[in-house]
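# Residue-level structure breakdown
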Amino acid sequence: MISVSLCMIVKNEEKVLDRCLKNVRDFADEIVIVDTGSEDKTKKIAGEYTDKIYDFPWTDDFAAARNYALDHGSSDYLMWLDADDIVPKESVRRLCALKEELPADTDVVMMPYAVEFDEEGKAVFSYYRERIVRNKRNLRFKGKVHEAIPICGKIFYADISVEHRKIFCGDSARNLRIYQKMEKNGETMDSRSLYYYGRELLFRGQYEKGKEIFRRFLERKDGWLENRIDATRQMAYCCYGLKQEENALKALLCGLAYDVPRGETCCDLGRHFFDRERYEEAIYWYKQAFHAKKACYSGAFIQEDCYGFLPAISLCVIYDRLGQKEEAKRYNDLAGTFHPFSPYYLQNKVYFERGHGAGAKQTA
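Rules of the game
Residues numbered from 1 in each chain as written. Predicted model: local features only at pLDDT ≥ 70, side-chain atom pairs only at ≥ 80, totals over all residues. Heavy atoms only, no water. Axes fitted to C-alpha atoms, helices over the stretch in contact; angles between N-to-C directions. Helix = DSSP H or I, 4+ residues; strand = E, 2+ residues; numbered from the N terminus. Parallel < 35°, antiparallel > 145°, perpendicular 65-115°, else oblique. Left-handed = near helix turned anticlockwise from the far one by under 90°. Contact = heavy atoms within 4.5 Å. Nonpolar A, V, L, I, M, F, W, Y, C, P; charged D, E, K, R; others polar. 1 Å grid on protein atoms, 1.4 Å probe; cavity = no way out; pocket = protein on both sides within 12 Å on 5 of 7 lines; lining within 4 Å. Points joined across faces, edges and corners; volume = space filled by probe spheres on them. Phe/Tyr/Trp six-rings, centres within 6.5 Å; stacked < 30°, edge-to-face > 60°. Lys NZ or Arg CZ within 6 Å of the ring centre and 35° of its normal. Buried < 20%, exposed > 50% of the residue type's maximum accessible area, 1.4 Å probe, protein only. Pairing = 2+ DSSP bridges. Right-handed = clockwise from strand over helix to strand, strands pointing away. Disulfide = S-S within 2.5 Å. Polar contact = N/O pair within 3.5 Å; in protein donor to acceptor, adjacent residues only side chain to side chain.

## A few points about the packing of helix 12 (residues 309-321) against helix 13 (residues 325-338)
- In the contact formed by helix 12 and helix 13, the axes pass within 8 Å of each other and the chain directions differ by 160°. By the angle between their directions, the pair helix 12 and helix 13 is classed as roughly antiparallel. Note that helix 12 runs across helix 13; the crossing there is left-handed. Contacts between helix 12 and helix 13 pair Phe-309, Ala-312, Ile-313, Leu-315, Cys-316, Tyr-319 and Asp-320 from the former with Lys-325, Glu-327, Ala-328, Tyr-331, Asn-332, Leu-334, Ala-335 and Phe-338 from the latter.
- Its residues assigned to classes, the contact of helix 12 with helix 13 comprises 11 nonpolar, one polar and three charged.

## Points about the packing of helix 8 (residues 225-241) against helix 10 (residues 263-275)
- Between helix 8 and helix 10, whose axes approach to 10 Å, the crossing angle comes to 25°. Taken as axis vectors, helix 8 and helix 10 run roughly parallel relative to one another. Considering only the axes of helix 8 and helix 10, their crossing is left-handed. The segment helix 8 lies against helix 10, with Ile-229, Arg-233, Tyr-237 and Tyr-240 engaging Glu-264, Thr-265, Asp-268 and His-272.

## Structural notes on the side chain of Thr-106
- Within the secondary structure layout, Thr-106 lies in the loop between helix 4 (89-101) and strand 6 (108-117).
- In contact with Thr-106, other than residues within four places in its own chain, are Tyr-77, Arg-134, Lys-154 and Phe-156.

## Considerations on empty space enclosed by the protein
- Under the counting rule described, the total for this entry stands at two cavities of 30 Å³ or more.
- Quantified by volume, the largest cavity comes out at close to 40 Å³.
- As for the largest cavity, its lining consists of Ile-2, Val-4, Phe-27, Leu-95, Leu-98, Lys-99, Leu-102, Val-109 and Ile-132.
- Top contributing element to the lining of the largest cavity by residue count: helix 4, with three residues.
- The residue inventory of the lining of the largest cavity, partitioned by class, reads eight nonpolar, no polar and one charged.
- The calculated volume of the second largest cavity comes to roughly 30 Å³.

## Thoughts on the packing of aromatic side chains
- Following the criterion strictly, the structure yields 19 aromatic pairs and no others.
- Aromatic side chains Tyr-157 and Tyr-297 sit 5.3 Å apart centroid to centroid with 80° between the ring planes, which places their arrangement in the edge-to-face category. Taken together, the residues Tyr-157 in strand 8 (residues 155-157) and Tyr-297 in the loop between helix 11 (279-290) and strand 10 (302-303) connect sequence positions 140 residues apart.
- Grouped by ring-pair contacts, the aromatic residues Trp-80, Tyr-113, Phe-125, Tyr-127, Phe-141 and Phe-301 constitute a single cluster.
- A cation over an aromatic ring shows up here: Arg-66 above the ring of Phe-141, its NZ or CZ 5.7 Å from the ring centre.
- One cation-aromatic arrangement involves Arg-131 over Trp-80; the distance from NZ or CZ to the ring centre is 3.9 Å.

## Let's talk about the pairing of strand 2 (residues 30-35)
- Strand 2 sits mainly inside the fold: six of its six residues count as buried.
- In strand 2, alternate side chains face the same way, and those of Glu-30, Val-32 and Val-34 on one face and Ile-31, Ile-33 and Asp-35 on the other are all buried.
- Bridge count for strand 1 (residues 4-10) against strand 2 is six bridges, and the pairing is parallel. Looking at strand 2, one finds that Met-8 is bridged to Ile-33.
- Once you follow strand 1 into helix 1 (residues 17-24) and on to strand 2, the crossover reads as right-handed.

## What to know about the state of the cysteines
- Scanning the entire structure with this criterion turns up zero disulfides.
- Cys-20 provides the cysteine sulfur closest to Cys-7, a residue in no disulfide bond, and the two sulfurs are 12 Å apart.
- Accessibility expressed as a relative area gives 3% for Cys-7, which makes it buried.
- Free of any disulfide, Cys-96 has its nearest neighbouring cysteine sulfur in Cys-20, separated by 15 Å.
- Look at Cys-96 and you get partly exposed, because its relative accessible area is 27%.

## Section: the side chain of Glu-163
- Within the fold, Glu-163 resides in strand 9 (residues 162-164).
- For Glu-163, a relative accessible area of 17% gives the class buried.
- A polar atom in the side chain of Glu-163 sits 3.1 Å from the side chain of Arg-165.
- Residues contacting Glu-163, with those up to four places away along its chain left out, are Asp-84, Asp-85, Ile-86, Pro-88, Tyr-113, Ala-114 and Phe-117.

## Concerning the environment of Arg-216
- Structurally, the position occupied by Arg-216 is in helix 7 (residues 207-219).
- The exposure class assigned to Arg-216 is partly exposed, which follows from its relative accessible area of 33%.
- Those residues in contact with Arg-216, other than ones at most four positions away along the chain, are Glu-183 and Leu-194.

Put into structure tokens, the structure is as follows:
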């Protein structure tokens, strides 16, 4: 049976820290808390669970802080969480079992990270992350922002979910400021940093700069496949923001060069043609989404709705506009199998039951 140290960095987390720690103490043999400058009751709450609490001056470097926490873990394996993460009780039970069953040669345990949820609490956006690593010096975080542990050695995939349940917004511009500081100081950015820098720029509405950063990222040869595929989508969004519709379509189509289509790209292409009332092309791409490759174990960002609900509800609206009411109803019924409480599905259900009216509804 292996032992596991939970290693966390925190700052002003009094609203969420107890929620996070109350479950993990059932499987963690050790809890290490590194505080980067809290001014609230964070350290007091942490003290109810562990006496291994350390201070680390914040230096705009997440990897440095996380590695300081890992360095204080003394168990066989090290696990990381954010303070606003939750390990559901079922996941706790399975982690306890994993401690007894994990193959002895395992270096890295990959686990699903659910970060967005529907009205029923079901995860709709998730991806696998390196969650537990053997306590070895070469398994450490890299990257000042959007830090990650480069995967090496024997990998074990455990279908044990961790949920990111944010209840308040922090400093949303912090990550962008760190990247801009790196750029201003002439620091070299690796491909991962460029990719996430582009995403931060897009999120803040800096489309021209974001487009340029994504272009630089895609020109590199060392970019991770899933990031390259997603970067074509993010570049397309930058182009839409700049009213460059043709360039947006070209960016999406470039994403098809890397691998068989992902559902996310298919839905973006479907939406591109849908918005321009080119319904035949839209139908083609939305139907492709149902059969697209879902790269669950690659670490790709998975938007579950792109493989079921979104193409179904979109095809419902398209067929309704084309006057093919039975086909439209069929796809709305299909959408309901994915999200039976979706307001779009329910509005459309009433629409078809009443013999039509204002038209079927699609998601935003």
